[in-house]
Amino acid sequence: ELIGVAKNRLNLFYNPKLHKAAPKRELSAEDRIFVSNGGTPPPTEAPGGIAGTGISAAPVLAQISAHRAANSDAVAPPPPPATWDAYAKKGQETSGVMAMLDMLVADLDKDMQAADVDEKDSQKEYEAFMEDSKTKRAA
């Protein structure tokens, strides 16, 4: 499920046609009445912390313009050097990441299926062992 969310976010950037938008939020009956009478809908709840992780104390990187005021006599920087040609969109280069995510999902599915089979086999072995123990105790 988490890998599917990651793929959807990548599609938002690389393939906007494949991106699936988040479902619309359903308003409660009270909020619908309030909005229909000209009110504004309640704001959506912000995810907790950094990227929904619950970490709320994030370091702040701020520029202070007072540091530049002391160097106001400085000469303007030279123009940037010449670079490559104009940007051209790359076609299939993003498919590698998507294919890797698909392989991860397939591997996880195989692992989960193998774990289910192992669990069922272990349960059968346990039941057979308990039956053998029961017959030994009775004898």
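Residues numbered from 1 in each chain as written. Predicted model: local features only at pLDDT ≥ 70, side-chain atom pairs only at ≥ 80, totals over all residues. Heavy atoms only, no water.

## Observations concerning a nonpolar patch on the surface
Alright, step 1. A surface patch of nonpolar side chains, amounting to about 360 Å² of accessible area, comprises V97, M100, M103 and L104.
Alright, step 2. Note that M100 resides in helix α4 (residues 95-138).
Alright, step 3. M100 gets classed as partly exposed once you look at its relative accessible area, which sits at 44%. (Patch = residues over 30% accessible without salt bridge, like charges linked within 9 Å, V, L, I, M, F, W, Y side chains within 5 Å. Areas by Shrake-Rupley, 256 points an atom, 1.4 Å probe, with all protein chains shown as cover. Salt bridge = Lys/Arg side-chain N within 4 Å of Asp/Glu carboxyl O. Helix = DSSP H or I, 4+ residues; strand = E, 2+ residues; numbered from the N terminus. Buried < 20%, exposed > 50% of the residue type's maximum accessible area, 1.4 Å probe, protein only.)

## Let's talk about the confidence of the model for the protein chain
Alright, step 1. Taken over all residues, the pLDDT of the protein chain has a mean of 79, while the share at 70 or more is 73%.
Alright, step 2. Confidence scores differ between elements of the protein chain, with helix α3 (residues 66-69) showing the lowest mean pLDDT of 59 and α4 the highest of 92. (pLDDT = per-residue confidence, 0-100.)

## A few points about the packing of helix α1 (residues 2-14) against α4
A pair of packed helices is captured by two measures, namely the crossing angle of their axes and the spacing between those axes.
Alright, step 1. α4 packs onto α1 with a crossing angle of 170 degrees between their chain directions and a minimal axis gap of 10 Å. Considering their axes alone, α1 and α4 lie roughly antiparallel with respect to each other. Contacts between α1 and α4 involve I3, K7, L10 and N11 from the first element and V97, M98, L101, D102, L104, V105 and L108 from the second. (Axes fitted to C-alpha atoms, helices over the stretch in contact; angles between N-to-C directions. Parallel < 35°, antiparallel > 145°, perpendicular 65-115°, else oblique. Contact = heavy atoms within 4.5 Å.)

## Things to note about the environment of R9
Alright, step 1. Within the secondary structure layout, R9 lies in helix α1.
Alright, step 2. Residue R9 is classed as exposed on the basis of its relative accessible area, which comes to 59%.
Alright, step 3. Along the primary structure R9 and K20 are separated by eleven residues, whereas in three dimensions their C-alpha atoms are 8.9 Å apart.

## Some thoughts on the side chain of N11
Alright, step 1. Mapped onto the elements of the fold, N11 is located in helix α1.
Alright, step 2. Residue class for N11 comes out buried when judged on its relative accessible area of 11%.
Alright, step 3. With residues near it in sequence (within four places) discarded, N11 still touches P16, L18, H19 and M98.

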